[in-house]
Each structure stands twice: as structure tokens, then as C-alpha cells.
Amino acid sequence: MSNSILKKYNWLKPIVPRDPHEHHRVATSLELLFDLIFVVAIATAGQQLHHAIIENHLSHGLLLYFMVFFALWWAWMNFSWFASAYDNDDAFYRLMVFVQIIGSLVIAAGIPIAFQKQDFDIIIIGYVIMRLGLVTQWVRVAIHDSERRQTAIKYVFGIIIVQCGWLLFHFSPIHFTVYLFALLVVTELSVPLIAEAKQRTPWHPHHIAERYSLLTIIVLGESIIGCFAAISDALNNQLLSTELIFLSIGGLVIMFTMWWAYFDHDVGDHLDSRKRAFVWGYGHFFIFVSIAALGAGLAAAVDVVTHQAEISSFIVSYFIAASLMIYTGSLWLLQDIYFLDGFKKWLYPITTVIVLCIPMLFQQIGYAVFALSIVYALRLIFSKCYLTRK
């Protein structure tokens, strides 16, 4: 009786595979809500990196930032690929997503302590909460999708084993932290590769491409908000200068051209194989982290221009140039290369050399950022007019 009531009101439905060729598959409102919750965590991580840069703790701050950002990105990625394959939108599915949302907020709450005291306890707790929701979903898949039952079981045991490793991470000696983290990252990345080696889950290529594009928009937006906050603070303290104006214009041009370059092509049709999809999906970590890092760098540049930072202008200029280089190189390898023919595809890396030379030509960071924006905008124009396959 109770089961019939649950099924009647769509509280509990069999979690069956979605059609990977479904027409007009788009992100659901629940997926968009999940993304918005991640805004909090991404913004918090960006603020902590910004503070680490201006306090001249760049190397230490970057290490912590990569560790925190991986946890955020990996949790988001696991949710997105599972939802693309098995979102049945029943009440239990929604509740498990809510559990993952709670976990993401706990992670966000633990980010400041991780940066300030190298204490990852709260982040690990949030991660455990998120993985608990995901494991429950994979158990349901194992029950209802007989064709991919072995794949689902591999996911369940893989996630649980790795999660036990993260719990042991708490007890590791401080000088082994980085090495153990790297080992756990490799193990995390291996779980989907092993689980889907024989039987691929039915994720939707165009839906996945849309989900990644939405997170790109979110990270770009967070970077712009971080820069705006720093500029607004400078204006409120009457620290406006010509260099700050050039920095503001250059930062906005860089963000706009980064958006344009990413969304210039539809890559959904190219995610037609397991290997290519995994490379594209995993490789996006460098796209996301470089956008976020560049945003933190631009916010730090404002503090440098207004003489509120302890780090040199040259180092921040190179940090921004390196972030832009990583973004450009990653986008070229993961997306642009599909739309370039012959020798044209090898002309893109030339702009990397130019970008890395600019900080040596401009001592003042505001003008260096403006020059970077001009080079990147010209690269986009050159690509549109002469390189991209017609």
C-alpha cells in the first residue's frame, strides 16, 4: 500500500537510464539550483586566494587553492554526469540532491579554516555528506538498471573506498599531506575510468556540454564580481587613478574574450567516444581553475595599484599572464583543435609566448593587464577571420 502511494505521487520511481540521444535535453531547474549553491563555495575559495596573493603567500595559497578547488570541481562533476545519465526527478532523487547541496555548503564553510590553519576537517565532513548522497543514488541504479549493474556496483565500492581514504587523510602527518592528497586525487579520477571501462553510463553529450558551459559562466561571473568588489573598495577610498582605469578596462576585456572564445563552438557532437569525453571532462579542471585564479589575480592587481598589497607588481602580472596561458592552452587542446585544419591548429601556441613576454615590457600592472587584453582580443579576431574552419 505504501509503495503504491509513493509511486502514485512520483515520490519513488525506478531510476532507469535516460536516453543519450534525447532531443532538446537541457539543464533542469534542480541542476541550476545546485550550480547556484556552488557559487558560494567558489566565491569563498576565490576570496581566500585573493588574500593569499596580496599577503605575498602565493605558493602556499596556490597549493591550498588547488586542493580546495579540486574537491569542489570533483563533487560538481560527479553530480552532473550522474544526473545526465539517471535523473528521474522523483522525490527521493531530489532529496539526495538536497543532501549533496548541504555537503557543498559545509565544504564552503570549511574553506577559510583550510586556508588559515591548513585544517581540512570541515571540508572532509562536507565531502562525506556529498558522497553519501551520491553513493545512495548509485545503489538505486544497481537495483533498477540491470544492464549496467556491475558499473553501478563498481561506482559504489570505488567511492566508498576512496572516501575511507579521505577520512584517513585527517590523521596523516602534516609533511605527508600533499603526497597523500595527490594519491587520493589519482584514485578519485580512476574510479569512473574503471567503472565505465566495459559499460558506459548513458550520459547525454549535449547535456554534458551545456552543464560545463553553465559552470564556466558561473566561474567567469564570480571572477568579475571579485574584481568589481576590489575596484569598488578602491573607489570608495578615493584611490582612482589612470592605471586603475586601464586595469579595469583590461580585466573586463579579458573576461569578455574568454567567454567569447569558450562559447564560440558547440562541442557536443565531438563528445562521441568514452575516451574523448573523459579527456574533455577531466581537462576542464584547468579551464575552471585558471578562470577562477585569474579573477583572484585581477582583484589582487587592484590592491597592487592602490598600494594595499605586499606582493610585487611583476609577480602578480606574471600570475595573471600564466592563468590566461593555462586557460588558452586548455581551451585549445580540449575544444578549439576540433575546428582548426592542418598547420592552423599549431599557430595558437604562438600567442602564449607573446602573453608571457608582456609582464617584462610593462612594469605597471594596470598597463600590463590592458596589454594582455589587447593581445587576447586580437587573437580572437585573428582566429575568427583566418584560422577557424569555415
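Up top is the structure.
Quick summary incoming for the structure in this document. Note that the structure is a prediction, hence the values are computed from the model and not measured.

Considering the pattern of salt bridges
(1) Moving on: In total, this model carries eight salt bridges according to the counting rule given.
(2) Moving on: In this structure, Arg-211 engages Asp-35 in a salt bridge whose closest nitrogen and oxygen atoms are separated by 2.6 Å. Separated by 176 residues along the polypeptide, Arg-211 in helix H8 (residues 205-236) and Asp-35 in helix H2 (residues 29-54) bring together distant segments of the chain. Grouping residues by exposure puts Arg-211 and Asp-35 together as buried.
(3) Moving on: Among the ionic pairs, Arg-140 bridges to Asp-90, the shortest N-O distance being 2.7 Å. Within this pair, whereas Arg-140 is found in helix H5 (residues 121-144), its partner Asp-90 is found in the loop between helix H3 (58-86) and helix H4 (91-117), the two being separated by 50 residues in sequence.
(4) Moving on: Salt bridges sharing partners connect three or more residues here, namely Glu-31, Asp-35 and Arg-211.

Some thoughts on unusual backbone geometry
Residues apart from glycine generally show negative phi values, whereas peptide bonds are mostly found in trans.
(1) Moving on: Phi is positive for Asn-56, which is not a glycine, with a value near 65 degrees.
(2) Moving on: Topologically, Asn-56 is positioned in the loop between H2 and H3.
(3) Moving on: With a phi angle near 60 degrees, His-307 is a residue other than glycine that sits in the positive phi range.
(4) Moving on: Topologically, His-307 is positioned in the loop between helix H10 (274-305) and helix H11 (313-334).

Regarding the nonpolar core
(1) Moving on: Judged by nonpolar contacts, the single largest core of 125 residues is most densely connected at Trp-138 and Met-258.
(2) Moving on: For this core, the element with the most residues is H10, which contributes 20 residues.
(3) Moving on: Those residues within four positions of Met-258 in sequence are excluded, and the remaining contacts are Leu-220, Ile-291, Leu-294, Leu-324, Tyr-327 and Tyr-376.

Remarks on the packing of H2 against H10
(1) Moving on: Interaxial distance between H2 and H10 falls to 9 Å at its minimum, and their mutual angle equals 45 degrees. In terms of orientation, H2 and H10 fall into the oblique class. Along this stretch, H2 crosses H10, giving a crossing that reads as right-handed. Across the interface between the two elements, Gly-46, Leu-49, His-50, Ile-53 and Ile-54 of H2 pack against Ala-293, Ala-296, Gly-297, Ala-299, Ala-300 and Asp-303 of H10.
(2) Moving on: Taken together, the residues of the contact of H2 with H10 break down into seven nonpolar, three polar and one charged.

A closer look at the environment of Phe-314
(1) Moving on: Turning to its location among the elements, Phe-314 is positioned in helix H11.
(2) Moving on: Judged by its relative accessible area of 42%, Phe-314 is partly exposed.
(3) Moving on: Sequence-distant contacts of Phe-314, defined by excluding residues within four places in its chain, comprise Pro-359 and Met-360.

Parameters and conventions
- Residues numbered from 1 in each chain as written.
- Predicted model: local features only at pLDDT ≥ 70, side-chain atom pairs only at ≥ 80, totals over all residues.
- Heavy atoms only, no water.
- Salt bridge = Lys/Arg side-chain N within 4 Å of Asp/Glu carboxyl O.
- Helix = DSSP H or I, 4+ residues; strand = E, 2+ residues; numbered from the N terminus.
- Buried < 20%, exposed > 50% of the residue type's maximum accessible area, 1.4 Å probe, protein only.
- Core = buried A, V, L, I, M, F, W, Y, C linked by side-chain atoms within 4.5 Å.
- Contact = heavy atoms within 4.5 Å.
- Axes fitted to C-alpha atoms, helices over the stretch in contact; angles between N-to-C directions.
- Parallel < 35°, antiparallel > 145°, perpendicular 65-115°, else oblique.
- Left-handed = near helix turned anticlockwise from the far one by under 90°.
- Nonpolar A, V, L, I, M, F, W, Y, C, P; charged D, E, K, R; others polar.

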